[in-house]
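# Secondary and tertiary structure notes
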Number of protein chains: 2
Amino acid sequence: MIKAAILGFGVVGCGVYEVLKQNSSQIKTKCEAGIEIKYILDIRKFPGAEYEDKVTDDFAVIENDPEIKIVIETIGGAGAAYDFTRRALERGKHVVTSNKELVATHGYELLSLAEEKNVNYLFEASVGGGIPIIRPIIQCLSANEITEIIGILNGTTNYILTMMINAGMSFEQALELAKSNGYAERNPASDIEGVDAGRKIAILASLASGHHIYPEQVVCEGIMEITLDDVRYAAEAGMVIKLLGRYKKLDGGKICVYVAPHLIGQESMLSGVSGVFNGIIVRGNAVGEVMFYGRGAGDMPTASAVVADVIDAARHIDKTKNKRLWGEGGAFTQDSKVLRQRYYIRAEGAANPAGEPSDAERLFGRLEVISGGTGGMSVFITEEMDGCEFEKALDEYKKSAMVLSCMRVLG
Amino acid sequence: MIKAAILGFGVVGCGVYEVLKQNSSQIKTKCEAGIEIKYILDIRKFPGAEYEDKVTDDFAVIENDPEIKIVIETIGGAGAAYDFTRRALERGKHVVTSNKELVATHGYELLSLAEEKNVNYLFEASVGGGIPIIRPIIQCLSANEITEIIGILNGTTNYILTMMINAGMSFEQALELAKSNGYAERNPASDIEGVDAGRKIAILASLASGHHIYPEQVVCEGIMEITLDDVRYAAEAGMVIKLLGRYKKLDGGKICVYVAPHLIGQESMLSGVSGVFNGIIVRGNAVGEVMFYGRGAGDMPTASAVVADVIDAARHIDKTKNKRLWGEGGAFTQDSKVLRQRYYIRAEGAANPAGEPSDAERLFGRLEVISGGTGGMSVFITEEMDGCEFEKALDEYKKSAMVLSCMRVLG
């Protein structure tokens with residue numbers, strides 16, 4: 001039996017315990033030695049639970065027990081989790097985590113430490129919950145140069161947007177429903193502001209580029225400003241609004257990494273990704289486009305990914321499986337303004353004398369008009385332009401019109 | 001440099017050579033030793049090509065060269081490919097293949113031989129072309145009991161069906177177009193009869209069940225009988241017709257594996273998988289539903305998967321990476337008639353006296369009527385029933401109506 005410890009017995013930690021128990025015979029066929037949870041680190045006591053005697057509130061017990069080969073960190077955040085992960089790796093224990101914040105913030109350092117100590121630091125569950133994405137990028141797409149990653153990476157915001165699109169709810173109503181269904185936390189800021197998606201695309205960007213991309217290097221826009229009007233006009237153009245994290249490799253080696261809401265057409269597979277599901281498109285120069293889809297959060301899906309990593313660590317208990325996955329961070333990113341794309345604009349009061357070309361046409365090129373000025377409202381999609389051109393044109397346009405919203409259009 | 005040989009320099013073999021060349025610096029970061037193609041086995045000579053001096057028509061040269069550590073089999077079929085694969089494994093060489101027929105037919109034997117010789121037999125490219133699917137099932141979903149796999153596994157038939165659905169072409173027209181675009185072979189039988197999809201679902205079923213499932217155990221229905229009428233009636237019901245390979249685990253441990261066209265609703269992610277793309281849904285008891293999507297064929301996508309396996313073999317050159325992935329075959333499958341599902345029926349001439357319940361209602365339960373008897377045509381979807389009940393009812397129904405087509409409905 002290979003002995004492991006779970007740090008933090010919340011939703012994910014508890015799911016890990018459940019999956020290890022429920023699928024133990026299945027897991028035995030993959031890892032003959034078997035995996036046993038010897039400790040659960042938590043400040044709570046869980047009196048009467050079957051695992052009561054495994055619970056400890058002292059990490060030193062786990063750290064100093066040479067029997068513990070694998071530490072499963074499901075605490076979250078970059079505080080205690082960071083400290084415990086470092087200490088576990090220092091002691092030559094493999095660490096498996098679902099902690100996107102920690103990987104995004106300290107991944108390079110922790111991967112380097114793991115390499116030095118000849119153990120694994122595995123984090124499949126940190127992006128996309130149960131969806132296989134980290135390992136497929138590392139291994140299955142290893143023959144490719146990854147040129148682009150675009151993903152719906154946050155289930156909470158996708159649920160909110162889906163409720164706005166399908167049920168005509170306002171942002172506030174949909175957020176309340178998400179909270180009452182357990183899909184949003186009481187303080188939903190990191191989800192709805194795009195920060196959570198930002199950490200995930202930072203991890204994927206690090207994998208794809210080979211350099212640590214820090215969360216600070218990812219400009220994140222959230223979905224708080226999106227109104228039902230925008231959702232309806234998007235539908236009139238045959239599109240849906242989705243919050244996307246995007247990694248794009250530029251000519252010359254720099255990269256763009258950002259999070260922002262986009263209008264996307266129904267020909268994109270991402271448009272069908274609804275509710276709490278996540279979908280991630282990866283483009284490689286040999287494989288073309290591949291997509292991964294599934295539940296991006298939840299106890300059991302996330303635990304599925306964590307336990308897969310635990311099995312992997314157990315099967316390579318005496319050797320590091322991966323080289324350090326990416327190198328040091330640095331000035332590798334460029335502002336996403338360099339990307340050429342179309343933009344959606346909704347504005348009021350830009351009336352033109354009959355027969356005159358509108359300001360919008362003059363500034364934004366050939367327009368795809370969604371709503372042509374009835375009631376003084378102009379809703380349209382611009383020509384493809386880079387972010388600087390767009391901002392300049394937008395500033396000019398604002399002199400004659402009140403811009404109510406603008407958003408990127410994908411493709 | 002790790003030396004390898006490509007067997008068969010057709011579309012895939014050539015793609016492998018290209019990807020290794022084009023992405024060599026990328027590949028170097030994954031496999032420091034580097035990979036060099038020393039031989040290309042083909043009966044052709046390729047005079048003037050840069051690889052001319054690597055070409056040989058004698059497998060013994062490759063077999064007897066101790067420098068060759070990896071053999072890349074892209075011949076296809078279960079003839080010479082089988083012989084060469086056995087001989088390469090016998091000599092302790094790793095073998096990487098894109099050959100679904102060989103894996104589906106002799107997988108157990110070849111995996112056992114590889115295990116015995118302490119080398120790898122890798123076949124990521126055999127299912128779904130460049131889509132990561134084999135390794136994600138083996139590794140990323142290893143904590144799950146796989147309960148179901150449903151996939152669009154054949155790009156040729158999906159292209160034909162897409163042309164029927166989107167462009168209103170007949171089956172014959174769409175097939176001709178597929179041929180002229182290089183998506184269908186001159187003899188398209190193995191695609192359109194479902195045999196190719198059958199081999200792929202057999203491989204996935206072997207992985208999921210842990211027992212070798214032979215192609216003969218997979219009942220395959222093709223798409224030759226599907227008419228534009230069916231496509232249009234499906235659309236009226238908000239559905240599309242797709243050729244699906246399906247693996248389903250039954251209570252009691254037996255499994256169903258089959259290939260058949262199905263009507264699927266637009267809420268299924270598979271309904272958005274168009275053209276030559278493949279999409280594969282995997283259901284696990286922890287992860288729920290995940291889907292993998294991408295180009296299921298073509299030189300570069302398939303080569304992407306082959307080269308990923310080559311890199312993997314190169315990185316584990318002195319050790320077997322996987323245990324034998326499945327055990328011996330046997331009587332593990334059950335007829336798919338045991339599955340309860342709904343059925344689509346299109347029939348002529350089952351008129352009923354006004355007010356009387358129709359024969360169809362009496363036999364098939366509460367119907368979802370698509371076309372209600374105008375012009376003597378009855379088109380409807382039955383209640384959920386198992387295959388035996390359905391066949392009995394269908395025989396009875398045929399006494400009063402001429403059944404023009406019937407098909408399974410997914411979900």
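Because the structure is predicted, anything quoted here is derived from the model rather than measured. (Residues numbered from 1 in each chain as written. Chains lettered and ligands numbered in written order. Predicted model: local features only at pLDDT ≥ 70, side-chain atom pairs only at ≥ 80, totals over all residues. Heavy atoms only, no water.)

### A word on the pairing of strand E5 (residues 94–97) of chain B
The two faces of the sheet receive side chains in turn, since in a regular strand these alternate between them. Residues and elements named next belong to chain B. Here E5 shows a buried face lined by His94 and Val96 and a second buried face lined by Val95 and Thr97. Direction of pairing for E5 relative to strand E6 (residues 121–122): parallel, over a ladder of two bridges. Residue pairing in the sheet places Val96 in a bridge with Leu122 of E6. Regarding the hand of the β-α-β motif, the stretch spanning E5, helix H5 (residues 100–116) and E6 is right-handed. (Buried < 20%, exposed > 50% of the residue type's maximum accessible area, 1.4 Å probe, protein only. Helix = DSSP H or I, 4+ residues; strand = E, 2+ residues; numbered from the N terminus. Pairing = 2+ DSSP bridges. Right-handed = clockwise from strand over helix to strand, strands pointing away.)

### Remarks on the sheet that holds strand E1 (residues 2–7) of chain B
All names here are of chain B. Taken in spatial order, the six strands line up as E3-E2-E1-E4-E5-E6 in an open sheet, and their pairing is parallel. Each edge of the open sheet is held by one strand with a lone partner, namely strand E3 (55–56) and E6. By the bridge criterion, four bridges tie strand E4 (residues 68–73) to E5 in an arrangement that is parallel. Following the sheet pairing, Glu73 is matched in E5 by Thr97. The sheet contacts of helix H12 (residues 299–315) involve E1, strand E2 (35–41), E4, E5 and E6, and relative to E4 the element is tilted by about 160°. (Contact = heavy atoms within 4.5 Å. Axes fitted to C-alpha atoms, helices over the stretch in contact; angles between N-to-C directions.)

### Notes on the sheet that holds strand E2 (residues 35–41) of chain A
Residue and element names in this part refer to chain A. Here we have six strands laid out as an open sheet, ordered E3-E2-E1-E4-E5-E6, and parallel in their pairing. The outermost strands of the open sheet, each flanked by one partner alone, are strand E3 (55–56) and strand E6 (121–122). Sheet topology note: the strand E1 (residues 2–7)/strand E4 (residues 68–73) ladder contains five bridges and is parallel. Each residue of the ladder has a partner; that of Ile6, found in E4, is Ile72.

### Overview of the interface of chain B and chain A
With 47 residues of chain B at the contact, the number on the chain A side is 47 residues. Taking both sides of the interface into account, the surface hidden between chain B and chain A amounts to around 3900 Å²; carbon and sulfur atoms contribute 54%. For the chain B face of the interface with chain A, the top three residues by lost area are Cys140, Met269 and Tyr293 of chain B, together amounting to 16%. Linking chain B with chain A are 12 residue pairs in polar contact (both at pLDDT 80 or more), by the criterion used here. Of all the secondary-structure elements, those providing two or more residues to the side of chain B that touches chain A are helix H1 (11–22), helix H2 (24–30), helix H6 (134–140), strand E12 (288–295) and H12 of chain B. Of the strand pairs in this sheet, strand E12 (residues 288–295) of chain A and E12 of chain B are connected by five bridges, and their pairing is antiparallel. Bridge assignment links Tyr293 of chain A to a residue of E12 of chain B, and that residue is Met291 of chain B. (Buried area = accessible area lost by both parts, 1.4 Å probe. Polar contact = N/O pair within 3.5 Å; in protein donor to acceptor, adjacent residues only side chain to side chain.)

The values reported here are purely geometric and, on their own, carry no functional implication.
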